[in-house]
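Residue strings, one per chain:
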Amino acid sequence: MKLNETLLNIMDNQDPENDNEAMDDHLMSSLETPLRPDAFDLSDQEKINIIADHFKEIMHTLGLDLTDDSLKGTPRRVAKMYVKEIFHGLNPENKPDIRRFENKYKYNRMLVERDITLYSSCEHHFVPIIGKAHVAYIPGEHVIGLSKLNRIVQYYARRPQVQERMTMQIANELKQALQTEDVAVLIEADHLCVMSRGVNDVTSSTITAEYSGLFLEDNYRTEFLSHIRRRQV
Ligand SMILES: [Zn+2]
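Treat the numbers as computed from the prediction; the structure is a model and nothing was measured. Position labels on residues start from 1 in each chain and follow its written sequence. Since the coordinates come from a predicted model, pLDDT governs what is reported: local features require at least 70, and pairs of side-chain atoms require 80 or more to be given and counted, while whole-chain, interface and lining totals use all residues.

**Q** Looking at this structure, I do not really get the overall build of the protein. What am I missing?
**A** The secondary structure content of the protein amounts to eight helices and seven strands. Classification of the 233 residues of the protein by burial places 24% in the buried group. C-beta atoms are placed from the backbone for every residue, and two residues are taken to be in contact when these atoms lie within 7 Å. Counted over contacts in the protein with a minimum sequence separation of 6, partners at least 24 positions apart contribute 69%. Put simply, DSSP H or I for four residues or longer makes a helix, DSSP E for two residues or longer makes a strand, and each gets a number counted from the N terminus. Put simply, a residue is buried when 20 or more other C-beta atoms lie within 10 Å of its own C-beta and exposed when 12 or fewer do; between those, it is partly exposed, and each C-beta is set from the backbone.

**Q** Help me understand the pairing of strand β2 (residues 111–122), please; the structure alone is not making it clear to me.
**A** Within a regular beta strand, the side chains point alternately toward one face of the sheet and then the other, so they alternate between its two faces. Strands are labelled as partners when DSSP assigns at least two bridges between them. In this sheet, strand β3 (residues 128–137) lies alongside β2 in antiparallel orientation, the contact comprising nine bridges. Residue pairing in the sheet places S121 in a bridge with P128 of β3. Counted between consecutive antiparallel strands, the loop separating β2 from β3 contains five residues, among which F126 sits at a positive phi close to 55 degrees. Sheet topology note: the β2/strand β5 (residues 160–161) ladder contains two bridges and is parallel. Looking at the pairing, C122 lines up with Q161 of β5.

**Q** Could you clarify how one ought to interpret the nonpolar core in this entry?
**A** Nonpolar side chains in soluble globular proteins generally cluster together in the buried interior. Each nonpolar core consists of buried Ala, Val, Leu, Ile, Met, Phe, Trp, Tyr and Cys residues. Their C-beta atoms, within 7 Å, join them into a set. V135, V153, I170, V183 and V185 are the most contacted members of the largest nonpolar core, which has 30 residues in total. If you list the elements that add at least two residues to this core, you get β2, β3, α5 (146–157), α6 (163–178) and β6 (183–191). Once residues lying within four places of it in the same chain are set aside, the contact partners of V183 are A136, Y137, A171, L174, K175, L178, S212, G213 and F215. Listed in part, the five residues of the second largest apolar core include I48, A52, A79 and V83.

**Q** Where do I start with the packing of helix α3 (residues 44–61) against helix α4 (residues 74–86) in this structure?
**A** In a pair of packed helices, the angle between the axes and the distance between the axes together describe the arrangement. Axis definition: a line fit to C-alpha positions, over the contact stretch in the case of helices; interaxial angles, taken between N-to-C directions, run 0 to 180 degrees. Running from N to C, α3 and α4 point in directions that differ by 135 degrees, and their axes come no closer than 8 Å. Taken together, α3 and α4 sit at an angle that is classed as oblique. Once α3 is placed against α4, the crossing between them reads as right-handed. Taking contact as the criterion, the partners of D44, K47, I48, I51, A52, F55, K56 and M59 in α3 are, on α4, T74, P75, R76, V78, A79, K80, Y82, V83 and K84. Put simply, Ala, Val, Leu, Ile, Met, Phe, Trp, Tyr, Cys and Pro go in the nonpolar bin, Asp, Glu, Lys and Arg in the charged bin, and everything else, Gly too, in the polar bin. Grouping the amino acids of the contact of α3 with α4 by side-chain chemistry returns ten nonpolar, one polar and six charged. When describing relative orientation, an angle under 35 degrees is termed roughly parallel and one over 145 degrees roughly antiparallel, while 65 to 115 degrees is termed roughly perpendicular and anything else oblique. Crossing handedness follows the turn of the near helix against the far one: under a right angle anticlockwise gives a left-handed crossing, and clockwise gives a right-handed one.

Now the structure itself:
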């Protein structure tokens, strides 16, 4: 509560003309990705057309010659990439279909899927976040296909994000999909907005984690961390 109030105060005091420091420091305002109710009134193709026009304008404003062979296809290429690839996870229609199976093997130890490739985009700078996600759960009555763990990570990564929110969204989806509270998510990622601009720090990386259910207990958390730290030989 306190944190939210502080964030609201920070946001109320913003001067839109100033570089927004709260956002430059990657604070997040909500667990839900902020979307308008009319977010999906337009078709993908309509969005691509509009974004291509606007991106053309950005390039033109920067002084680039849009008649150049190498540049003229860029606005449409970028628009298509935004809608169909890197922001594909904004649309709930693209949410992976997660089918739950009965836990017939009665496997009730920890299952860890580590080193899941993660490509996302910083919502404050629209540049890449590149990293790895490690997720774990302890099966109860249900299990899901292993590749679904990757798909859940990718779905939430493919939208403008802040790492903290992405971590929570993935954890919540896993709880929902698996019908258990016993889940863990750890994300380690490099933020291009920190590496290639601003403080220009190329060696730092950001780690976020969410634990719930049994993972709040030291021994489960320690086992999870030891699994993800062990390198393959
Ligand atoms: Zn950023």
